[in-house]
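# Analysis of the macromolecular model
Each chain is listed here by its residues.
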Amino acid sequence: MRVFAIDDEPKMLRLLHVAIAQAAPEAEIIDFRLGAEAVSFLMDTGFKPDAVFSDIQMPGMTGLELAVRLKKLAPDTKLVFVTGFDYALDAYRLHVGGYIMKPVEARRVREELDNLFPPCSQTENRLRVQCFGSFEVFWDDQPLWFARRQTKELLAYLVDRRGVSCTAEEIIATLWEDAEEMSAAKQRLRNLVSDLRATLKTIGMSKVLIRQGGNIAILPKLLDCDYYRMLEGDMSAVNAFRGEYMEQYSWAEITKGWLTFH
């Protein structure tokens with residue numbers, strides 16, 4: 001196992017190194033004082049670690065900036081943030097996974113190493129939506145069946161919009177660049193909305209879809225979505241993103257680019 005330890009404080013770096021060594025005696029550990037040093041090492045050697053334990057507050061490149069660079073250079077690497085400040089949990093909206101408080105204990109390091117690639121969380125009475133890779137929807141751990149391919153694409157677009165109310169014209173312009181006459185396109189959209197509502201109703205989740213006047217949206221809190229969890233700072237979702245987002249839809253390239261470069 002290959003592990004990077006990163007902390008600009010020499011004492012904290014030594015303690016981190018020791019905790020990792022105790023938790024994983026077989027690990028090859030490489031220490032860095034700065035995130036930029038680790039990035040340069042990756043670029044120069046192509047050495048891809050299995051896990052990186054990094055301080056958040058560092059001069060130059062912060063831990064969050066490191067996360068962005070690491071995702072591009074080594075997308076399969078697990079990143080765990082290490083900090084000495086209790087407020088960081090709220091400040092970065094991080095969930096329990098991928099977050100360790102200083103002083104680092106070998107037990108917590110071992111817990112993170114034992115869960116390098118955790119499965120997507122399952123939450124009762126919430127649709128599980130997968131945006132990373134291809135767009136997929138699951139209910140009761142089974143793929144949700146859509147009678148029409150474009151009904152699924154409509155849901156994907158509404159998920160991408162994260163609860164923002166969308167007009168019929170906006171949806172039509174995005175999904176159907178070669179749309180026919182507008183009145184016919186709106187009827188086509190109404191049919192898809194009706195089909196989507198019926199599909200959600202079969203699993204008792206019709207309340208996911210919201211109609212306000214002529215606008216359409218979804219209720220994000222009813223979804224267990226990897227994209228949403230990544231934006232909330234859930235490190236399991238951050239580590240699951242490998243540069244692919246709703247790959248079957250060309251219009252999703254905008255969000256994909258934003259996730260990759262921010």
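Note: the structure precedes this text.
Residues numbered from 1 in each chain as written. Predicted model: local features only at pLDDT ≥ 70, side-chain atom pairs only at ≥ 80, totals over all residues. Heavy atoms only, no water.

With that settled, consider the sheet that holds strand 6 (residues 127-130). With respect to topology, four strands assemble into an open sheet ordered 8-7-6-11, the strand pairing being mixed. Each having just a single partner strand, strand 8 (142-143) and strand 11 (223-225) make up the two edges of the open sheet. The pairing of strand 7 (residues 136-139) with strand 8 spans two bridges and is classified as antiparallel. Residue tryptophan 139 lies in a different strand from strand 8, and its bridge partner there is glutamine 142. (Pairing = 2+ DSSP bridges. Helix = DSSP H or I, 4+ residues; strand = E, 2+ residues; numbered from the N terminus.)

In this section: empty space enclosed by the protein. Enumeration according to the criterion identifies three cavities of 30 Å³ or more in this entry. Of the voids in this model, the largest cavity is the one considered here, and its volume is about 50 Å³. Asp7, Met12, Leu15, Leu16, Lys102, Pro103 and Val104 are the residues that line the largest cavity. Residues that form the lining of the largest cavity fall into these classes: five nonpolar, no polar and two charged. (1 Å grid on protein atoms, 1.4 Å probe; cavity = no way out; pocket = protein on both sides within 12 Å on 5 of 7 lines; lining within 4 Å. Points joined across faces, edges and corners; volume = space filled by probe spheres on them. Nonpolar A, V, L, I, M, F, W, Y, C, P; charged D, E, K, R; others polar.)

The next subject is helix 3 (residues 63-73). Among all positions in helix 3, only Gly63, Leu66, Ala67, Leu70 and Lys71 are buried. Angular distribution of buried residues about the axis of helix 3 spans 135 degrees; they occupy a single face of the element. Taken together, the buried residues of helix 3 touch strand 1 (2-6), helix 2 (35-45), strand 3 (51-55), strand 4 (78-83) and helix 10 (235-240). (Buried < 20%, exposed > 50% of the residue type's maximum accessible area, 1.4 Å probe, protein only. Arc of directions from axis to C-beta. Contact = heavy atoms within 4.5 Å.)

Pairs can form between side chains of opposite charge whenever their charged atoms are close. Applying the stated criterion across every chain yields a total of 15 salt bridges. Between aspartate 76 and arginine 242 there is a salt bridge; the shortest N-O distance is 2.4 Å. Of this pair, aspartate 76 sits in the loop between helix 3 and strand 4 while arginine 242 sits in the loop between helix 10 and helix 11 (253-261), and the two are 166 residues apart along the sequence. The shortest N-O distance in the salt bridge between aspartate 234 and arginine 229 comes to 3.7 Å. (Salt bridge = Lys/Arg side-chain N within 4 Å of Asp/Glu carboxyl O.)

Take it as geometry only, folks, not as evidence of what the structure does.
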